[in-house]
Amino acid sequence: MTADWRIAVDIGGTFTDVVLLDAASGNVVVDKTLTTPQNPLDGVRTGIASLLARADIKPGDVTAPIVHATTLITNALIEGKTGRAGLVTTQGFGDTLLIRDEHRYDMYDLQIEFPAPPIPRDRTFELDERVSATGELVHAPTPEALAALTEQLRTAEVESVGLCFLNSYVNGENERLVAEHLAAELGVPVCISSDVSPQIREYPRMITTACNAATMPVIGPYLEELQKWLSSEGFGGSVLMMLSNGGVVSADDAARIPIRLVESGPAAGALAGSWFARRLDADRLMCFDMGGTTAKACLIDGGEPELTNVFEVARAYRFKKGSGFPCSVPSVDLVEIGAGGGSLARVDQFGLLKVGPESAGSEPGPAAYGRGGTEPAVTDADVVLGMLDPDSFLGGDMPLDQAAAAAAAARVGESLDLDDVQVAAGIHEIVNQNMAAAARMHAVEMGVDLRGIGLLAFGGAGPVHACGVAELLESHHVVFPVNASVLSAFGTLVSPVRIDLARSMPRRIDQLDPAERDGLLDELRAEGRRVLAAAGTDADKVRFRYGVDARYAGQGNEVTVWVDEGDEWTLETSDVLDAFESEYRRIYGLAIPDVPVEVVTWRLSVASETQPIDPDPVAPGTGAQPVRTRPVVFGRAQDPIDTPVYKRVDLGAGDRFDGPAIVEERETTSVIRPGWQVEVAADGSLVATRMISADQNGASR
């Protein structure tokens, strides 16, 4: 059988994960290396070189596209480490990013804070041009005005430019005219709102365009350097980038509209969760992804993750909707909090122990990394409790300093009158509580009761904390998949080439001109075909799905309804009305008779068929036997328990054992708390079932 090697990369805040898959045989080789924030490509090079050496193959053996997920975009926006971008808007609208939508996310907060706009007011310029609300060109900018604008941007030394003109979502002629002029005169990347987010509502469209312009200088040079390196090394494939909606596109399309990558890494994890949900025949599954910097929770319902049309990034307050940038980009609907292996513990002004959202990242990392960190992180706590073996971290390639971890925890404990073990147990419990609260809130917002829904635990730290989080959520099943630590990277390999497009054209559905609708959809289909062709998809494998954002006339918000599939729109008006009223009734419990329905935005999802991947089953087990035992503390005020330690490579299908137990593999450790029982599934996944009630400290009841 000829090998079909594929590589996936996922750059996280602490670790860069790499996966090498032979799609022909299902053989998988994985690795983790510390992320290199100053030059992310260094970590990618290190990880890929390690994979090739372990698989004993050459770069030329990899001919399929390399699929890439990353947190570079969201981290740049959160940390304010974006490019020096300029913004151009219609005369009189230069303050839009400061006015926002005039909404106060907390109306009683007298010191309310919002994140600073990604492009400041002094680099926001106005241009005398106008398009009417119905799309007629009122007047184009004069050559003199364009020359003056060019000089202003040149003086500001911008690295990129975003254009967002009034009403350009319905007619982007002026934006295209100005973009061509500025690109030729300034030689910097230029983006326009009629490409980035051609949707009604001025502030969301402008902030999305501004975020896109600000991140173009971040991702563009990186992708260019990556592709040059891959070519020089002899790799035969191109680069595909994971989008926030769970699809992948070409690197060139990703660099053109990088805001679509804002949730790239978490979306890859959700797609991996969807893949496992179908394999496990689980109708509902909660993905629990805990890495080095953040933890993510995403509900898989009906085998697929939910999508949202607006993703809010860089919130001033993590749990307060409206405190960040509402970017109009399709994204997997998930919740993300600052709770990872690198999340730092501290004592607040009230003398209480707090954990996160600040993270040690990879530089310097937790104290146990021995890279200069002095504050205790979640990883330090897990080392002190005995859940992680300092000598086995990353298979022994990165030994941890247990004494440094204990000393960091002890320093925090001085003001609390607690020893290092008590502090570590408190850190472990608090971060579990934080993650469970976030997952519970996410489920409530979706109208779902998590009790009884199984968890899929992945990420470097997810398997360490999953059983504790499951107990808090009253969930009695946890699945620890094979290669859990790099599952987000694996998720990019089971993701389709896909792009979600939208364009606003408000029309009452009973007064709609079908020719006008079909003309808009023709343009969206053409763009979708172009994007998929650029990613290497054959034309006969392209699939279209149609949706509308609709509302009752006079309402201020819409409901998204997916209504049809196929190469052409085939529905009658009555079919769309029935679908809208059914969805409206599902959400609100009623429909409103005798009120006309208005479609505001037309949506098109364009995707390819995915090649199935079916890893070989593991060999039948011969009886699980621990390789040693070690003392582990499972909760506050609990004595250490002498806990069996298993090597995952020694476990076979059908093997069973009871908790407490530790299962070690090179890239992660699975912690099985007291009261849980594990069975190894045919694919090698560990399926843990809670057998008895146990409180959050691990004591049986």
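Nothing here was measured: the structure is a model prediction, and the numbers come from that model.

### Examining the pairing of strand 21 (residues 343-347)
Each regular strand displays side chains that alternate between the two surfaces of the sheet. Sheet topology places strand 21 next to strand 22 (residues 353-359); 4 bridges connect them, and they run antiparallel. When the bridges of strand 22 are listed, Ser343 appears paired with Ser359. Turn length for the strand 21-strand 22 hairpin, with the two strands adjacent in sequence and antiparallel, is 5 residues, and the turn residue Gly351 shows positive phi of about 80 degrees.

### Some details on the confidence of the model for the protein
Predicted confidence across the protein gives a mean pLDDT of 90, with 98% of residues reaching 70 or more. Predicted confidence is poor over residues 694-701, with pLDDT under 50, and the contacts of this stretch with residues over four places away or in other chains come to 29 contacts.

### A look at the environment of Arg411
Locating Arg411 in the fold gives a position in helix 11 (residues 402-414). On the basis of relative accessible area, Arg411 is assigned to the partly exposed category, the value being 43%. Arg411 sits 65 residues away from Arg346 along the chain, and the two C-alpha atoms are 9.8 Å apart. Looking at Arg411, its side chain comes within polar contact range of the main-chain oxygen of Thr374, at 2.9 Å.

### Notes on a nonpolar patch on the surface
On the surface, a nonpolar cluster with roughly 290 Å² of combined accessible area is contributed by Ile587, Tyr588 and Leu590. Here Tyr588 shows up in helix 16 (residues 573-588).

### A word on the state of the cysteines
According to the stated counting rule, one finds 0 disulfides in the structure shown. Distance from the sulfur of Cys287, which forms no disulfide, to the nearest cysteine sulfur (Cys298) is 5.4 Å. Judged by its relative accessible area of 3%, Cys287 is buried. Cys287 provides the cysteine sulfur closest to Cys467, a residue in no disulfide bond, and the two sulfurs are 16 Å apart.

### Here we look at the pattern of salt bridges
It is possible for side chains of opposite charge to pair when their charged atoms get near one another. One pass over the structure, following the stated rule, counts 43 salt bridges. One salt-bridge network, in which partners are shared between bridges, spans Asp31, Arg54, Asp397, Arg666 and Glu667.

### Some points on the sheet that holds strand 1 (residues 5-11)
Taken in spatial order, the 6 strands make up an open sheet running 3-2-1-4-11-12, and their pairing is mixed. Among the strands making up the open sheet, the edge pair consists of strand 3 (27-34) and strand 12 (248-250). The mean inter-strand angle of the sheet, taken between neighbouring strand axes irrespective of direction, is 25 degrees. Sheet topology note: the strand 1/strand 2 (residues 15-22) ladder contains 7 bridges and is antiparallel. Across the sheet, Ile7 pairs through a bridge with Leu20, a residue of strand 2. On the sheet, helix 1 (residues 40-55) packs against strand 1, strand 2 and strand 3 and is oriented at approximately 145 degrees with respect to strand 3. With respect to the sheet, helix 9 (residues 264-279) is in contact with strand 1, strand 4 (66-70) and strand 11 (239-242), its orientation differing from that of strand 4 by roughly 115 degrees.

### Points about the packing of aromatic side chains
A complete count under the given rule lists 14 aromatic pairs for this structure. With centroids separated by 5.1 Å and ring planes inclined at 70 degrees, the aromatic side chains of Tyr552 and Phe580 adopt a geometry described as edge-to-face. In this pair, Tyr552 sits in strand 26 (residues 542-552) while Phe580 sits in helix 16, placing the two residues 28 residues apart along the sequence. Per residue, the accessibility class of Tyr552 equals that of Phe580, and both read buried. With a centroid separation of 5.6 Å and an interplanar angle of 45 degrees, the aromatic rings of Phe580 and Tyr584 are classed as tilted. Taken together, the residues span about one helical turn, with Phe580 and Tyr584 both in helix 16 at a distance of 4 residues. Tyr584 carries the same exposure label as Phe580, and that label is buried. In this structure an aromatic cluster arises from ring pairing among Tyr552, Phe580, Tyr584 and Tyr588.

Procedures and definitions
- Residues numbered from 1 in each chain as written.
- Predicted model: local features only at pLDDT ≥ 70, side-chain atom pairs only at ≥ 80, totals over all residues.
- Heavy atoms only, no water.
- Pairing = 2+ DSSP bridges.
- Helix = DSSP H or I, 4+ residues; strand = E, 2+ residues; numbered from the N terminus.
- pLDDT = per-residue confidence, 0-100.
- Contact = heavy atoms within 4.5 Å.
- Buried < 20%, exposed > 50% of the residue type's maximum accessible area, 1.4 Å probe, protein only.
- Polar contact = N/O pair within 3.5 Å; in protein donor to acceptor, adjacent residues only side chain to side chain.
- Patch = residues over 30% accessible without salt bridge, like charges linked within 9 Å, V, L, I, M, F, W, Y side chains within 5 Å.
- Areas by Shrake-Rupley, 256 points an atom, 1.4 Å probe, with all protein chains shown as cover.
- Salt bridge = Lys/Arg side-chain N within 4 Å of Asp/Glu carboxyl O.
- Disulfide = S-S within 2.5 Å.
- Axes fitted to C-alpha atoms, helices over the stretch in contact; angles between N-to-C directions.
- Phe/Tyr/Trp six-rings, centres within 6.5 Å; stacked < 30°, edge-to-face > 60°.

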